[in-house]
Amino acid sequence: DQWFGRPKPEPLSPPPVIASSTLPAAEILQRALEARGGEKAATQVRSIHLKGTVDLNLAFLSPSPMDFFAMRPNRYRSVVGINVPDGANLGQFVQGFDGKSGCNSDSDGSCQILKDQQYEERRDRAEFFGWYDEPGNYETVECLGEAKFDGKSCYDLRVVTKTHQEYFHYYDATNFLLAGVFVRATTQNGTKWEKVTLGDYRAFDGFLLPTRIVSQRA
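Within every chain, residues take consecutive numbers counted from 1 along the sequence as written. Note on the predicted model: pLDDT of at least 70 is required for a residue's local features to be given, and 80 or more for side-chain atom pairs to be given and counted; whole-chain, interface and lining totals, by contrast, use all residues. Derived side-chain values reflect all non-hydrogen atoms in the structure, with water molecules and hydrogen atoms excluded from consideration.

So, the sheet that holds strand E5 (residues 64-71)
To be explicit about the condition: Strands qualify as paired when DSSP identifies two bridges or more between them. A run of H or I in DSSP becomes a helix once it reaches four residues, and a run of E becomes a strand once it reaches two; helices and strands are each numbered from the N terminus. To get an axis, a line is fitted to the C-alpha atoms, and for a helix only the part in contact is used. The angle between two axes follows their N-to-C directions and goes from 0 to 180 degrees. In this description, contact between two residues means that some pair of their heavy atoms is separated by no more than 4.5 Å.
Pairing within the open sheet is antiparallel, and its 6 strands lie in the order E4-E5-E6-E7-E8-E9. Here the strands that pair on one side only, and so sit at the sheet edges, are strand E4 (47-54) and strand E9 (111-113). Adjacent strand axes in the sheet meet at a mean angle of 10 degrees, parallel and antiparallel pairs treated alike. As paired elements, strand E6 (residues 75-83) and strand E7 (residues 89-98) share 8 bridges and run antiparallel to each other. Bridge pairing in E7 links Val80 to Phe93. Helix H3 (residues 116-127) rests against E6, E7, strand E8 (102-105) and E9 of the sheet, and its axis sits at about 80 degrees to E7.

Here it is, written out as structure tokens:
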């Protein structure tokens, strides 16, 4: 079973809770903040610019350059080049949120202004600045217990945004760093689970940021 020249990905779903936890969600978030560098370091980071390479996991494309820009409180822009194995560049894919509206721009120059559910999801993601949970952005946060995320024992936090979007955030039980996220993403073909894995945390101006991010949908 092939998917664009590569093995078709297995269906995704959040891992089951396997143990209870005595730590409340508020304490987990506080420990996570301290592990990242503390509130002062977090608030001093006003903007982020990341440059790297993205592998779209498609056999007919090569790893391509990526630029990511974000600014507090809720603006971001992601630019991904589309390269093929012979070195040619077929354009770029851009997505972003300017604080009021969200859009996607394709390699052919077309631009889609996001509406309804896709707009709400984009706005929530724009507020997830630095992949850091700020309690004020959420309607509710609760710890469901412990679960295994990519083999790591993690605290499973269910967070609901002010626009009623549900996320599952997994905090490594050994160091309280955010290991990953599960969320329902709206696509042209319906709603699918999206899994985001975060790793290789490094300090920037005293605040830890993930430098390796893997996103999967299925």
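What follows picks up the thread again.
Section: the sheet that holds strand E12 (residues 166-172)
A sheet is described by the order of its strands in space; here 7 strands give the open sequence E3-E10-E11-E12-E13-E14-E15, paired in antiparallel fashion. Only two strands of the sheet have a single partner each, and these edge strands are strand E3 (17-19) and strand E15 (207-217). Across the sheet, the mean angle separating the axes of adjacent strands is 30 degrees when strand polarity is ignored. Direction of pairing for strand E11 (residues 152-161) relative to E12: antiparallel, over a ladder of 7 bridges.

Observations regarding unusual backbone geometry
Backbone phi values are negative for most residues with the exception of glycine, while trans is the configuration of most peptide bonds. Cis geometry marks the peptide bond from Arg72 to Pro73; its omega dihedral reads 0 degrees. Tracing the backbone shows Pro73 in the loop between E5 and E6. Unusually for a residue other than glycine, Asp150 sits at a positive phi of about 50 degrees. Mapped onto the elements, Asp150 comes out in the loop between strand E10 (138-149) and E11.

The analysis is restricted to geometry; functional conclusions fall outside its scope.
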